[in-house]
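# Descriptive structure summary
What follows is the residue order along each chain.
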Amino acid sequence: MDHDQGCGRSGRPGRARHSGGVNCRHDQKNRVLRPPVSAPTEPGLLGPPVTLFAHALRLHQQDPDGVLPHDGQPYPDEDRHRARARTRPSRSDRRLDGADVAIILDRHFSQPDAPASELAEAFHDSDVPIHRNEHISAAALRADRQRVRQTGRWLVRHSVDRSAATVGLALLATDWAEDDIPLIQTIGLLSDHFGPLAADALQRRRGGDEALLWLAARVSGWGRVYVVEALCRHGLSGSRPWLLRNACDGDVLNGYFAGRVATAAHLHEAITSTEVDDDLIDHTGRLLKTMAHCGGMGMTLEHYPPAPIVLAAHAAHLARQAPTVNRYVDAAVIANHLTVKPSYQCGCTAEERDRIVQQYLAVLEQPAWRHEVRAGLDPASDFFAWFASDMAARLHLGAFADVTGGDDC
C-alpha cells in the first residue's frame, strides 16, 4: 500500500468559526495510511448514480492532504435523502433505533445465497443510526463473519444511498480485519455523516491509530470531533505530537474535545518541558482560548486542574515568540476571559489569575506586538470593530487606544 505524509449528527447544534483566527495548515510530520487511489469510472450525465464511496474518493484525489470542501456535502443522494426524511415518521422510543435494520439484516443473512446487492434499497424506509447501534451489531454477530464482511464491503463501496452505505460501515465496525482500513478511511472522509462509525471501526483494528491520525488531519466540523475523541481514547503513543499541535482547527466545535486533548495528551507536561516549539505554543493558545469559552460543550478551565500551570507557561513562552495577529488575538481572548470571570472559573486562585493576566498584558503592550496587530487587522472589518470596542477597551490595550479613546502610553 502506498503511504503519504499526514498534514497538519443527527440532532446536533450548528457550526461556526471563531472570529479573528486563521486556520493553520496541518503539518507534514506523521506518516499515515492512505486510501486507495483507483476510482471507479466517472458516470456520464445519463449514466448510473454516483456512489458515496466514489464521491468521497474523487474529492479526496483533488486535494489528497486537505479537508474535503464543505465536508463533502452535498452528497450524491441529497435530494432523495431530503425527500425521505420528510416522510419518515419519528420514533417515540429511541431504544428501538436500529431494530428495523436488524430485522432486515437477519432476514438477509438467513438466506445463504442472497447477494449483498439485494440490500442496496432495503433500508429506504429505515432511520439508520450513524453511531454504533446494539441492534445492528447483534445482527452482525449472529451471522457468519466472512459474509458480514463481504456484505459490509459491498455496501460501503457500491451504495448510492447513504442509509445502505451506513449499514455497510456498521457491519465493518463489528469486525477487525486490517484489509478494510483503506475502505473505511475513504468513506470516513464524508465525516459529518460517516465519521462516528468510521472512527469506531478504525480504533478496533491493528494500525487503527495511524489510520485515525490520517483521517483526523483531513476532516473538520463534527467529523473532527468524532475522530479526535477516538484518538484521545486510542493510539496516543503515535498521535500525541499531532494532538498537541494540530487538533484544534478554529471551529467552535473544537470545544467538545479541547479539554480531552489537553488531558489525554498531557499538555501540562509538554508545555513545561525543555523541548517546546512554536507549533506547540500556538496550539496551546488555541486550546486555552477554546476551553475558556466551551461551557456546556466540554471541559472548561474551571475543571482543568493544571490550568494555572499551563496558562503561566503559555504566557511565558509567548513573550519569546515573534508577534503575529493570531498570537495577539488568542492571548487577548484568554486575558479577557481571566479578567471578566471569577478566578475559580478560570481554574486559578485570585493571585494566580492576576499574575497571569499581567504576563499576557506585558506581551501585548510591547511595541512590536502593538504594531503587528494594527498592521495585520483590517480596520474596516467587523472583527476589528468588535475586538476594539470589546476586549481592547476592557483590557486597555494600547494598540487600540485611538479607537477606544484610551491613553496610548
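Procedures and definitions
All residue numbers refer to positions counted from 1 along the written sequence of the respective chain. Thresholds applied to this predicted model are a pLDDT of at least 70 for local features of residues and 80 or more for the giving and counting of side-chain atom pairs; totals over whole chains, interfaces and linings are not thresholded and use all residues. In computing side-chain values, all of the structure's heavy atoms are included and hydrogens and water are not. Partly exposed residues are those whose accessible area sits between 20% and 50% of the maximum for their type, while under 20% is buried and over 50% is exposed, using a 1.4 Å probe and protein chains only. By definition, any uninterrupted DSSP run of H or I lasting at least four residues is a helix, any uninterrupted run of E lasting at least two residues is a strand, and each is numbered from the N terminus. Should any heavy atoms of two residues lie within 4.5 Å, those residues are counted as being in contact. Pairs were defined over the aromatic rings of Phe, Tyr and Trp, the Trp ring being its six-membered one, requiring ring centres within 6.5 Å. Orientation was assigned from the angle between planes: stacked under 30 degrees, edge-to-face over 60, tilted for the rest. The criterion is that NZ of a Lys, or CZ of an Arg, lies within 6 Å of the ring centre and within 35 degrees of the ring normal, and then a charge sits over that ring. A score from 0 to 100, pLDDT tells how confident the predictor is in each residue. For this document, the term salt bridge refers to a Lys or Arg side-chain nitrogen within 4 Å of an Asp or Glu carboxyl oxygen. We call a set of buried Ala, Val, Leu, Ile, Met, Phe, Trp, Tyr and Cys residues a nonpolar core when their side-chain atoms join them within 4.5 Å. An axis is simply a line fitted to the C-alpha atoms; with a helix, the fit covers only the stretch in contact. Between two such axes, the angle follows the N-to-C directions and lies from 0 to 180 degrees. In this scheme, a crossing is called left-handed if the near helix is turned counterclockwise away from the far one by less than a right angle; it is called right-handed if the turn is clockwise. Any residue that is not Ala, Val, Leu, Ile, Met, Phe, Trp, Tyr, Cys, Pro, Asp, Glu, Lys or Arg is counted as polar, Gly included; the first ten are nonpolar and the last four charged. Side-chain atoms alone can form a polar contact between residues adjacent in sequence; in general such a contact is a pair of N or O atoms within 3.5 Å, and within protein one must be able to donate a hydrogen while the other accepts it.

## So, helix α11 (residues 236–246)
Residues S239, W242, L243, L244, R245 and N246 constitute the buried set of α11. Looking at the packing, one finds that the buried side of α11 touches α9 (208–216), α10 (221–233), α12 (258–264), α13 (267–271) and α14 (278–292).

## Side note on the packing of aromatic side chains
Enumeration over the complete set of coordinates arrives at 10 aromatic pairs. The interplanar angle of 45° and the centroid separation of 5.7 Å between the aromatic rings of F383 and W386 together place this pair among those described as tilted. Pair noted here: F383 and W386 are both in helix α19 (residues 382–395), with a separation of three residues, about one helical turn. Sitting above the plane of the W176 ring, R145 keeps its charged end 4.1 Å from the centroid.

## Details of unusual backbone geometry
Here the bond from Q73 into P74 is cis, since omega is 0°, no more than 30 degrees from zero. Within the secondary structure, P74 sits in the loop between α1 (52–62) and α2 (78–87). With phi around 55°, D71 is a residue other than glycine that occupies positive phi space. Examined against the element boundaries, D71 turns out to sit in the loop between α1 and α2. Judged by relative accessible area, D71 falls into the buried class, the value being 2%.

## A word on the confidence of the model for the chain
Looking at the chain, the pLDDT average stands at 88 and 86% of residues meet or exceed 70. Taken as a whole, residues 1–34 scores under 50 in pLDDT and shows 110 contacts with residues more than four places along the chain or in a different chain. A low-confidence stretch, residues 36–45 (pLDDT under 50), is modelled with 14 contacts involving residues beyond four sequence positions or located in other chains.

## Observations concerning the pattern of salt bridges
The full count for this structure, using the stated rule, is 26 salt bridges. Two residues, D278 and R327, come together in a salt bridge whose shortest N-O distance is 3.8 Å. Taken together, the positions of D278 in helix α14 and R327 in helix α16 (residues 325–340) put the pair 49 residues apart, joining distant regions of the chain. For D278, a relative accessible area of 40% translates into the label partly exposed.

## Concerning the environment of H314
Looking at the secondary structure, you find H314 in helix α15 (residues 307–318). For H314, a relative accessible area of 4% translates into the label buried. When the C-alpha atoms of H314 and L288 are compared, they prove to be 9.1 Å apart, with 26 residues separating the residues in sequence. Apart from the residues lying within four places of it in its own chain, the contact partners of H314 are I271, I281, T284, G285, L288, I334 and Y360.

## Structural notes on the nonpolar core
One finds L105, Y360, F387, L397 and F400 to be the most contacted residues of the largest nonpolar core, which totals 118 residues. Take this core: its biggest share by element is nine residues, from α16. Look past the residues within four positions of L397 in its chain and what remains in contact with it is Y328, A332, L361, L364, E365, F387 and A392.

## Concerning the packing of helix α5 (residues 145–158) against helix α6 (residues 162–172)
Close contact between α5 and α6 brings their axes to 7 Å; oriented N to C, the two are set at 145°. Where α5 crosses over α6, the two elements pack in a sense that is left-handed. In this structure, α5 uses V148, R149, T151, G152, R153, L155 and V156 to contact α6, whose residues at the interface are A164, A165, V167, G168, L169, L171 and L172. Looking at the contact of α5 with α6 residue by residue, the classes come out as nine nonpolar, three polar and two charged.

## Things to note about the environment of N254
For N254, the location among the structural elements is in the loop between α11 and α12. For the pair N254 and M297, spaced 43 residues apart in sequence, the C-alpha separation works out to 9.0 Å. With residues up to four places along the chain from it excluded, the contact list for N254 reads R224, A247, C248, D249 and T290. Within the local environment of N254, its side chain forms a polar contact with the backbone nitrogen of D249, the two atoms lying 3.0 Å apart. Within polar-contact distance, the side chain of N254 engages the backbone nitrogen of G250 at 2.9 Å.

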